[in-house]
Structure formats: C-alpha cells, structure tokens
Amino acid sequence: MTRLLRITLLGLLIVAGLLTALIYSLTWRPAAKETLAVSCVAPRAPTLLPGQALKVMTWNVRYLAGKNYVFWYDTADGSGPDERPTVEDMAASLDEVARVIRDEQPDILLLQELDENAKPSHYQDQFALLQERLVDLYPCSAQAFDWKADFVPDRHIFGSVGRKLATLSRYQIEHAERLQLPAPDANFISRQFQPKPALLLTYLPLSDGGQLAVLNTRLDGDAPGRSAVQEQVTATVKLLDKFEGRGTPWLIGGDFNLLPLGQFLRLDASKRGRYSPDSELHLLWDKYPMIPSNSESSGIDREKWLTHFPNDPSINGPDRTLDYLFYSSRIKRIEAKVRQDDTLRISNHLPVIARFLLPPAQ
C-alpha cells in the first residue's frame, strides 16, 4: 500500500468517524422502556372509583397546523406547496382545540402530534401552551416524544423536529412509561432521523387498590415496509394481552393510521397506497372491542365514523377512519361518537369520544 493511499484511507476513516459522531449528537435513541415524569399540579387529584363512568377522548391535533395548507407530504407525489403554517394560524388552531376540549370535558384526554422545539411549528412548546388553557380541568399529565432530532437534513424540514404524545387526566396518575415500538427498516443514517413510534403508558390508581392502564399512541403509517406496521400492532396486542391476563382493566386510543374492515375498497383507488387490503388492525379487533366498531364504520351510518380529512385538495371531506379506542373486556361501553360538525377545520383528524363504565370492585 502506498503512502498516499494510506493517508487517503486514514482521512476517509476520520471523516466517517466525525460524521457518525455528528449524527449521533443531533439525533435521539430512546431506550426500549423509559420511566417518565408525571406532572400533577393539584395537591391531590381525585382517585378513580371502581364501577364509575369515565369519558375518554383521543385526538391527533397535527401540531396545530390547521386546514389552510397543502403540505409537501399531503399529496401522493409530494407536490404540496406549503412548508409550515403561520404562527397566527397555529394560535387560532390552539384556541379551537381548547374550545372543543373544554366543551367535551373528557376525564382522560389522549393527544397526538403536539410539537416541541420543532422548526415546522416555529419551535413552540405546544403541550405547555395547551396546558395553560386546560390546567383547571387536568391536574395530571404525562408526555413522551415519538420523533426527536436537533436537525433533520430533509429539504422540507432542514432543522429540528420534536413530536409528542400527551395524556391528560382529571384523576391521579401514579406512574408513566414510554415503550418503544418496532421501527421500519432503514439504512444506518436514515434510521437515526426517522420517527420512533411508541406507546405512552399511564397507570391510574383505583380506590380499591387496583389500577387502570391507559395507553396513547400514533402508529407509523408512512413505514416503507408493511411488516413494520404489523410488528407495531403485534407488540401492542402482546402488551394488552398481559394486562388482560392479569385482570388489569385498560384502554388504548390514538391515531393507528390503519383502516377498519371493508374501508380499503371504499377508498378511492389513488388513496390506497399506504394501506393493506387486509388491515393489520385486525390483530386488535379480532380480540378486543373497538370504537368505532367494524359494523359502525361499514354500516349505513358509516360517514358518522370517519375520522380523517386529508389536506389533499382532491378530497372535500372526511373519507376514512384512522383513529380508534380499544378497551378491555372488563370495561363496558356506554356511548361513543366522532365529533365532526365543528372540528373539520381544526385538524386533519377528528376527535373520537366515548363513555365507559369501569369494572366494579371485586
């Protein structure tokens, strides 16, 4: 080996090492399981009672971006002209989100896609902004990132990202965890910058010494390989099976980015690309009750159960169901709805709301 070649190879190794160190310093690699801080601003929030009614709402608020834009990722060919919303539009969306929540006043609120220190949302701490407006309703909360990096080299972002799940509760939360879900396969560099889907798990104590497990998630619907989505659902089912086996009542809600039974064929052919004809969600609905149920989302009143209104200009209203609540066999559903009438211009997702009865004391 000539001296020049040795020097060249050494130089390449140094550059590769520096590049690796830079990527590691800019990105985030969460543990498979992390204990999270629980915030309870009231001296003592009330404790859940066995057998009581409980109202739950899940809503993907899409970083308060509203509906006045067609972003680059909103169209199949990536041709959307908009990069990010204005501060003024996000302030209007924040007011609207707070209005709907205060009107519904769920006991447990599951939110997805709240941004913190992200360039596309002007570096806002959106959880803090919303909490200021709701602190009288929700003394307890927990939050977890599912996407975080100081810099993403994508030309549409070219800056920081920070996206969160947040669970807010009228009742005491005694413990919270972030559980990593399987991520799509990617090369070493891309893997560092991509979203890292997770479950935000909170435990709410019951007055008889038991617990209610509440989970919040947003599955990765843009995974390049469908196997990743199936692995995420499989991991979720495995955890729910453990709760069921222990006799722990549980609820899970969020943006699953998956279609219910029969909706694939009803969806316009040009919009089916990211979905499977046999929805991976069947791994959940085969075992546990779902809101909306398959009979609701495919029945005569199916339009009432649509939860997603894409910003794609070729679509003029909600056209699919992606957001759900699943619950333990020990919990009884009382009523449920998708709030559509006054939420169509707030986010590209609509809130799913349900009332349940917790299991009575043993």
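Residues numbered from 1 in each chain as written. Predicted model: local features only at pLDDT ≥ 70, side-chain atom pairs only at ≥ 80, totals over all residues. Heavy atoms only, no water.

What follows covers helix α3 (residues 126-134). Turning to α3, its buried residues are Gln126, Phe127, Leu130, Gln131 and Leu134. End-on view of α3: buried residues confined to an arc of 130°, all on one side of the axis. (Buried < 20%, exposed > 50% of the residue type's maximum accessible area, 1.4 Å probe, protein only. Helix = DSSP H or I, 4+ residues; strand = E, 2+ residues; numbered from the N terminus. Arc of directions from axis to C-beta.)

In total, this model carries one disulfide according to the counting rule given. The disulfide partner of Cys40 is Cys140, and the gap between their sulfur atoms is 2.0 Å. A torsion of 115° about the S-S bond marks the disulfide between Cys40 and Cys140 as right-handed. In this pair, Cys40 is assigned in strand β2 (residues 39-40) and Cys140 in strand β5 (residues 140-152), connecting sequence segments 100 residues apart. Given a relative accessible area of 28%, Cys40 falls into the partly exposed group. (Disulfide = S-S within 2.5 Å.)

A few words on unusual backbone geometry. In this structure, Pro292 follows Ile291 across a cis peptide bond, with omega equal to -5°. Position of Pro292 relative to the elements: it lies in the loop between β11 (290-291) and α8 (294-298). Phi at Tyr63 takes a positive value of approximately 40°, unusual for a residue other than glycine. Residue position: Tyr63 is located in the loop between β3 (53-60) and α2 (87-104).

Attention shifts here to the packing of aromatic side chains. With the rule as written, the count across this model stands at eleven aromatic pairs. Summarising the aromatic geometry, the rings of Phe71 and Tyr73 are spaced 5.6 Å apart at their centres and angled 20° between planes, so their arrangement reads as stacked. Considering the side-chain rings of Phe151 and Phe158, the 4.9 Å spacing of their centres and the 75° angle between planes classify their relative orientation as edge-to-face. Grouped by ring-pair contacts, the aromatic residues Tyr63, Tyr69, Phe71, Trp72 and Tyr73 constitute a single cluster. Above the plane of the ring of Phe309 lies Lys67, whose end atom (NZ or CZ) is 3.6 Å from the centre. Stacked on the ring of Phe264, the Lys or Arg Arg272 has its end atom at 5.2 Å from the ring centre. (Phe/Tyr/Trp six-rings, centres within 6.5 Å; stacked < 30°, edge-to-face > 60°. Lys NZ or Arg CZ within 6 Å of the ring centre and 35° of its normal.)

Our next topic: the domain arrangement of the chain. Often, the extent of an interface is quoted as the loss of accessible area upon association of its parts. Parsing the chain into structural domains produces domain 1 (1-30) and domain 2 (32-357). Its C-alpha centre places domain 1 at a distance of 39 Å from the equivalent point of domain 2. Contacts between the two partners involve nine residues from domain 1 and, on the opposite side, 16 residues from domain 2. For the domain 1 and domain 2 pair, buried surface summed over both sides reaches about 1100 Å², with 70% attributable to carbon and sulfur atoms. Across the domain 1-domain 2 interface, the total number found is zero salt bridges. One can count zero residue pairs in polar contact (both at pLDDT 80 or more) joining domain 1 with domain 2. Residues that form the side of domain 1 that touches domain 2 fall into these classes: five nonpolar, three polar and one charged. (Domains from an automatic or database assignment. Contact = heavy atoms within 4.5 Å. Buried area = accessible area lost by both parts, 1.4 Å probe. Salt bridge = Lys/Arg side-chain N within 4 Å of Asp/Glu carboxyl O. Polar contact = N/O pair within 3.5 Å; in protein donor to acceptor, adjacent residues only side chain to side chain. Nonpolar A, V, L, I, M, F, W, Y, C, P; charged D, E, K, R; others polar.)

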